[in-house]
Amino acid sequence: MPVVTTSPLASSPVAVTATARPGFPSGWLSWIPLPKWALIAVAVAVAVLLLLFLICIIRCCCVKKKPKKKERVSLHAVSNSTTASLVQPEMEDLEQDVEQTGRGKLQYSLEYNFRAQELKVGVKQAAELKAMDSGGTSDPYVMVYLTSDTKKRYETKVYRKTLNPVFNESFTFQVPQAEVPESTLVMQIYDFNRFAKHDIIGEVRLPLASVSLQHVIEQWSDLAAASKVEEEQLGEICFSLRYVPSTGKLTVLILEARKLKRMDSHGLSDPFVKVHLILNRRKWKKRKTSVKKNTLNPYFNEVFGFEVPFNQIQNVDVVISVWDHDKVTKNEPIGKLLLGCRAMGNQLRHWSDMLSNPRRPLAQWHSLQPPDVVDKALGLKSHLKLPLPPR
C-alpha cells in the first residue's frame, strides 16, 4: 500500500511507491546460498566451457572434409589411364597374381660334366605345394626334361598325400656343350590321379644360358603356372582316302600312328581310332579299329567302306579321332582331324586330292589337333543318326 509522508520543508504531501513483487531471476537466485559474485563466476565458467565445446565440434568437422578435397584434387591432376590403374586394377593383373602365387617351391641342383658332356639334374624336395585333392593334400611327382629333346623325360616317384615331398632323385642328360646355351631345363610338378588326367601344380623353367655351370648349383625356385611355350604334341596318324564316284563308295584305310601323347600313368597309351561321317553337320555313320595295348606307335592297317552318293559328297565331313582305351573310366580322346570341304590346311588338301584323283588311294601323314578345336569347327546340330540318302 502507498505510504504518505509529510516533508518538514514542504507543506504539500509527496507519494513514494515501493514494489515488493518478487521477479523470476531474483526469486530463483534467492534460494541459492551463494553470494552474487560466486554465481557470476559460475555462469562465466559455464559459458567458456560451452564455447570450447562448440569450437571442438567445428574443428572436427573441418578435419574430416579436408582429405576428401585433397583426394579429389590428386585424382583429377593425373591422367585418366593412371587414375584407372590406381582405382581399379586390370583383371589380367589379378589373374596373373593368382596364377603366380600359392603353388609352392622346388629345390634342385645342377652339375655339368664337361668331359662327358652330361648334365646331372638333382630333384631335392618341394615345399608348400598347392593342394589339388579334396582332402587338402596332393600326390606329387616331378617330370624333368630339356626343351632341346622333349622326347626324353624323367619322372620321380609319386609321394602320397603330402605338400612337402622329399624326392632326392637325380637324372642325367646327354647334352653337347654347344647345345647347352640353347636348352631350357623344365621341371614340372604333377598331382597323380589313378583314374583321371594328372593335374599340373606348377613348373620351374631354367634357361641354361642364364646360369654358370662351372660349378655345382643348388637353389630353391618358386613354382610358376605351366607355360604354353611348347605346343602340346598329340601325335601323328597316317591314313589313305579313296572315292569312286560311279559306285559312291568312300574307302578309309587307317594305317598307323606315331608319337602319340602318353595318357596312362606308366607312360604309354591303349590307342584305337574312330572314323565318323558327318552329313549336313549331323553324325551319320561311324566305325572304329581294334585297341592296341601299351604303345605310342600303333599299327592298325584296318579298312572301312562307306556308301556316299556323289551328290552328297560335298556335304560330308569325315572326322578321324584317336582315343585312349580305359577299362575303369571312360575313354579319353588324344586328338582329332576334320576332313571335307569345310576343312583347312593339309586336311583340305588331302580331301581335294582324293576328289581330283577318283579310284586312286592317297595316303598321307597328319598331325593330330586338340579335340575341342575340331569339335568347335564341326558345330554339330544334333547327335541323331540319319537314314542313308537315296542312290
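Residues numbered from 1 in each chain as written. Predicted model: local features only at pLDDT ≥ 70, side-chain atom pairs only at ≥ 80, totals over all residues. Heavy atoms only, no water.

### Observations concerning the sheet that holds strand S4 (residues 118-127)
Piece 1. The strand order S7-S4-S3-S10 describes an open sheet built from four strands, whose pairing is antiparallel. Only two strands of the sheet have a single neighbouring strand rather than two, namely strand S7 (166-174) and strand S10 (217-222). This sheet shows a mean twist of 20° between the axes of neighbouring strands, independent of strand direction.
Piece 2. Of the strand pairs in this sheet, S4 and S7 are connected by seven bridges, and their pairing is antiparallel. Each bridged residue has a counterpart across the sheet, and for Lys120 the counterpart in S7 is Thr172. (Pairing = 2+ DSSP bridges. Helix = DSSP H or I, 4+ residues; strand = E, 2+ residues; numbered from the N terminus. Axes fitted to C-alpha atoms, helices over the stretch in contact; angles between N-to-C directions.)

### Some remarks on the pairing of strand S14 (residues 282-288)
Piece 1. With six bridges joining them, strand S13 (residues 271-279) and S14 adopt antiparallel strand pairing. Counted as the bridge partner of Leu277 is Lys285 from S14.
Piece 2. Following S13, the chain reverses through two residues before pairing antiparallel with S14; Asn280 in that reversal takes a positive phi of roughly 50°.

### Thoughts on the confidence of the model for the protein chain
Detailed reading of the predicted model is not advised wherever pLDDT is low.
Piece 1. A residue-level look at the protein chain finds 75% of positions with pLDDT of 70 or above and a mean pLDDT of 79.
Piece 2. For residues 64-100, every residue scores under 50 in pLDDT, and the model assigns this stretch eight contacts once sequence neighbours within four places are set aside.
Piece 3. Low pLDDT, under 50, characterises residues 381-391; the stretch is placed with 24 contacts to residues that sit more than four places away or in other chains. (pLDDT = per-residue confidence, 0-100. Contact = heavy atoms within 4.5 Å.)

### A word on the nonpolar core
Piece 1. The biggest cluster of nonpolar side chains holds 31 residues, and the ones touching the most others in it are Ile237, Leu250, Ile254, Val308, Val318 and Ile320.
Piece 2. Elements that contribute at least two residues to this core include exactly strand S11 (236-244), strand S12 (249-258), S13, strand S15 (299-307), strand S16 (316-324), strand S17 (332-340) and helix H5 (345-356).
Piece 3. Apart from residues no more than four positions distant in its own chain, Leu250 is found in contact with Arg242, Tyr243, Phe304, Gly305, Phe306, Val308, Val318, Trp351 and Met354.
Piece 4. The next biggest cluster of nonpolar side chains, apart from the first, holds 28 residues, and it includes Val180, Val211, Leu213 and Ile217. (Core = buried A, V, L, I, M, F, W, Y, C linked by side-chain atoms within 4.5 Å. Buried < 20%, exposed > 50% of the residue type's maximum accessible area, 1.4 Å probe, protein only.)

### Quick word on the packing of aromatic side chains
Piece 1. All told, the structure shown has five aromatic pairs when counted by the stated rule.
Piece 2. Their ring planes at 85° and their centres at 4.8 Å tell us that Tyr112 and Phe114 sit as a pair that is edge-to-face.
Piece 3. Residue Tyr112 is classed as buried on the basis of its relative accessible area, which comes to 7%.
Piece 4. Taking the relative accessible area as the measure of exposure, Phe114 reaches 33% and is therefore partly exposed.
Piece 5. Between the aromatic rings of Tyr154 and Phe173, the centroid separation amounts to 5.1 Å while the plane-to-plane angle is 75°, which identifies the pairing as edge-to-face. Residue Tyr154 is located in strand S6 (residues 149-155), and its partner Phe173 is located in strand S7; the two are separated by 19 residues in the primary sequence.
Piece 6. Accessibility expressed as a relative area gives 3% for Phe173, which makes it buried.
Piece 7. What links up through ring pairs into an aromatic cluster is the set Tyr154, Phe171 and Phe173.
Piece 8. Seen from the ring of Trp220, Lys105 lies directly overhead, with NZ or CZ sitting 5.4 Å from the centre.
Piece 9. Against the face of Trp365 rests Arg258, its NZ or CZ located 3.9 Å from the ring centre. (Phe/Tyr/Trp six-rings, centres within 6.5 Å; stacked < 30°, edge-to-face > 60°. Lys NZ or Arg CZ within 6 Å of the ring centre and 35° of its normal.)

### Focus on a nonpolar patch on the surface
Piece 1. On the surface, Ile40, Val44, Val48, Leu49, Leu51, Leu52 and Ile55 cluster together to form a nonpolar patch covering roughly 660 Å² of accessible area.
Piece 2. Its location among the elements puts Ile40 in helix H2 (residues 36-77). (Patch = residues over 30% accessible without salt bridge, like charges linked within 9 Å, V, L, I, M, F, W, Y side chains within 5 Å. Areas by Shrake-Rupley, 256 points an atom, 1.4 Å probe, with all protein chains shown as cover. Salt bridge = Lys/Arg side-chain N within 4 Å of Asp/Glu carboxyl O.)

### A closer look at the pairing of S16
Piece 1. Taken across its nine residues, S16 has nine buried, putting it largely inside the fold.
Piece 2. Sheet analysis places S13 next to S16, joined by nine bridges and oriented antiparallel. Directly across from Leu279, in S16, lies its bridge partner Val316.
Piece 3. Pairing geometry for S16 and S17, over eight bridges, is antiparallel. Each bridged residue has a counterpart across the sheet, and for Val319 the counterpart in S17 is Leu338.

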